[in-house]
Amino acid sequence: MHGETIYYQPAIETMSREEIEKLQVKRLKETITQATKSPFYRAEYSKIGVDASTITSINDIRKLPFTTKADLRDSYPFGLVVDGMKDKVVRLHSSSGTTGHPTVICHSQHDLDQWAMRVARSLYMVGVRETDVFQNSSGYGMFTGGLGFQYGAEKLGALTVPAAAGNTPRQIKFIQDFDTTVIHAIPSYTSRLYEGFVEMGIDVKKETNLKILLIGAEPHTDEQRKKIEANFGAKAYNSFGLSEMSGPGVAFECTYQDGLHIWEDCYIVEIVNPETLEPVADGEIGELVLTTLDRDAMPIIRYRTRDLTRFIVGDCACGRTHRRIDRVKGRSDDMFIVKGVNIFPMQIEKVLMEFEQIGTNYLITIANVGSNDEIKIEVELNTMFTDDYSKLEKLGKEITRKLRDEILITPKVLLVGKNSLPQQDGKAVRVSDLRDK
Ligand code: AMP
Ligand code: ZN
């Protein structure tokens, strides 16, 4: 497929670095002019005396302050909407926070069109064409993975099946009846879907036309991706996005599956040390900071995503020049410290995915037990596994041993039945920290 027409927008996808930076500087200046018409940025920027004229080169972005999730919450609901644009807003998306107000992102028709274009470009990059049948198994409504993919796939011209979340037998019926070739699913749902096929006695590899899975919205390891690819006999591509930056279509893997191209005509990408807030060296892990370059209702400048990743150094074999980021390792606020050891959920997932008896869902609970912190890991078994008690005990011990080697602490491992672990807003919950703060 790396033949003649691999790019959706060849001129944009293969721009030289100089061209990208020139465009970014131009768009950044326009974005600042637009953003300072909102109550939030007007107040923030006039306080420190910055405006569009502050920017003469791309590095000047560092003279601007960061925007945080707390800023969005404090300006709830419309404090970042540009004056005069409120009547032009045609949709808002809101994501629920665990504390305080949710965040709200407002879009004009122009913003939605640009978003759809980015998703279409991303889909095309992994080989989706108008001849494909695209089924979306993520929640519609406020979750951006629903409508975001819907409009992008329509723009591309695929036949779309807006199945929405849940009802696995119905998803499977649609996949078979409509000859679905591409499905978007969050990683934790793919295991439920696969189990559904097994339970219904359908060989997903032979009795469906599925060839591409788009998986994203949640951190997942390469091991989990490989497991999904092996189960479905299809390629699984990592899709990254966040509501604050519109939603899916921010960064996407190409067919080389070596990092995610982040669309630099639409975003300025920085990776900073979360403590010093200085840029990290290329290839080092830090916090992703993003600036929108083409939003007119609610531009956001230097947004601290809390997501940890790194730039992949070097050129991609696909010929696209937009830089690549590594799969997101987790959020800086997901990391937990137990007995002085820093632990990321993805380290634990990496180990769990080595076991074929394990599904893809697990929950890590940290609690005070006496004066000690303890880690409990509940792991869902996959249905195909035995309920032979001695085998389960052996498996539990083996998992515990491997986890101890990875995180240097002995966790308590509990094997639980499928579908028994909680979800929040459709996404898997990975960590529950019950310790006294
Ligand atoms: P939301 O805006 O509520 O859909 O959540 C966005 C967040 O989900 C991001 O900031 C990331 O933490 C996470 N996320 C989205 N896509 C991915 C992905 N492909 N890999 C890892 N984390 C992701
Ligand atoms: Zn590439």
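Since the model is a prediction, treat every value here as computed from it, not as a measurement. (Residues numbered from 1 in each chain as written. Chains lettered and ligands numbered in written order. Predicted model: local features only at pLDDT ≥ 70, side-chain atom pairs only at ≥ 80, totals over all residues. Heavy atoms only, no water.)

### Considering the site of ligand 1
Okay, step 1: Inspection of the region around ligand 1 gives 15 residues, with Ala217, Asn238, Ser239, Ser243 and Asp307 positioned closest.
Okay, step 2: For ligand 1, a nitrogen atom lies 3.0 Å from a polar atom in the backbone of Ala217.
Okay, step 3: Burial of ligand 1 by the protein chains amounts to 88% of its free accessible area of 500 Å².
Okay, step 4: At three residues, strand 7 (residues 235-240) tops the list of elements feeding residues into the shell around ligand 1.
Okay, step 5: Its residues placed into classes, the shell around ligand 1 shows six nonpolar, five polar and four charged. (Near = heavy atom within 4 Å. Polar contact = N/O pair within 3.5 Å; in protein donor to acceptor, adjacent residues only side chain to side chain. Areas by Shrake-Rupley, 256 points an atom, 1.4 Å probe, with all protein chains shown as cover. Helix = DSSP H or I, 4+ residues; strand = E, 2+ residues; numbered from the N terminus. Nonpolar A, V, L, I, M, F, W, Y, C, P; charged D, E, K, R; others polar.)

### As for the coordination of the zinc ion (ligand 2)
Okay, step 1: Ligation of the zinc ion (ligand 2) by protein atoms is provided by Cys254 (SG), His261 (NE2), Cys316 (SG) and Cys318 (SG), these donors lying 2.1 to 2.3 Å from the ion.
Okay, step 2: Of note is the zinc ion (ligand 2), whose four donor atoms meet at the metal with angles of 99 to 120° in an arrangement that counts as tetrahedral.
Okay, step 3: Donor residues for the zinc ion (ligand 2), ordered by position in the chain, follow C-x6-H-x54-C-x1-C. In this pair, Cys254 is assigned in the loop between strand 8 (251-253) and strand 9 (260-262) and Cys316 in the loop between strand 13 (311-312) and strand 14 (324-325), connecting sequence segments 62 residues apart. (Donors = N, O, S within 2.8 Å, 3.2 Å for Na, K, Ca; no water. Tetrahedral: all angles 85-135°; square planar, octahedral: opposite > 155°, others 65-115°.)

### Quick notes on the pairing of strand 5 (residues 182-185)
Okay, step 1: The alternating pattern of strand 5 places Val182 and His184 on one face and Ile183 and Ala185 on the opposite face, and all of these are buried.
Okay, step 2: Of the strand pairs in this sheet, strand 3 (residues 133-136) and strand 5 are connected by three bridges, and their pairing is parallel. Note that in strand 5 the partner of Gln135 across the bridge is Ile183.
Okay, step 3: Bridge count between strand 5 and strand 6 (residues 212-216): four bridges; the pairing is parallel. By the bridge assignment, Ile183 is partnered in strand 6 with Leu213. (Buried < 20%, exposed > 50% of the residue type's maximum accessible area, 1.4 Å probe, protein only. Pairing = 2+ DSSP bridges.)

### Thoughts on the nonpolar core
Okay, step 1: Core analysis: the biggest nonpolar cluster contains 69 residues, and Leu123, Leu214, Leu290 and Ile300 have the highest contact counts within it.
Okay, step 2: Aside from chain neighbours lying at most four places away, what touches Ile300 is Tyr41, Thr67, Leu72, Leu80, Ile105, Glu244, Met245, Leu290, Thr291, Thr292 and Arg295.
Okay, step 3: Val351, Ile364, Ile375 and Leu395 belong to the second-largest nonpolar core, a separate cluster that totals 24 residues. (Core = buried A, V, L, I, M, F, W, Y, C linked by side-chain atoms within 4.5 Å. Contact = heavy atoms within 4.5 Å.)

### Quick look at the environment of Glu398
Okay, step 1: If you trace the backbone, Glu398 turns up in helix 12 (residues 389-407).
Okay, step 2: When its relative accessible area of 29% is taken as the criterion, Glu398 is described as partly exposed.
Okay, step 3: Measuring from C-alpha to C-alpha, the distance between Glu398 and Ile105 comes to 46 Å, with 293 residues separating the pair along the chain.

### Describing the sheet that holds strand 11 (residues 286-292)
Okay, step 1: Taking strand neighbours across the sheet as the criterion, the four strands line up as 10-11-12-15 in an open arrangement whose pairing is antiparallel. Lying at the two open borders of the sheet, with one neighbouring strand each, are strand 10 (267-272) and strand 15 (330-331).

Purely geometric stuff here, so don't read any function into it on its own.
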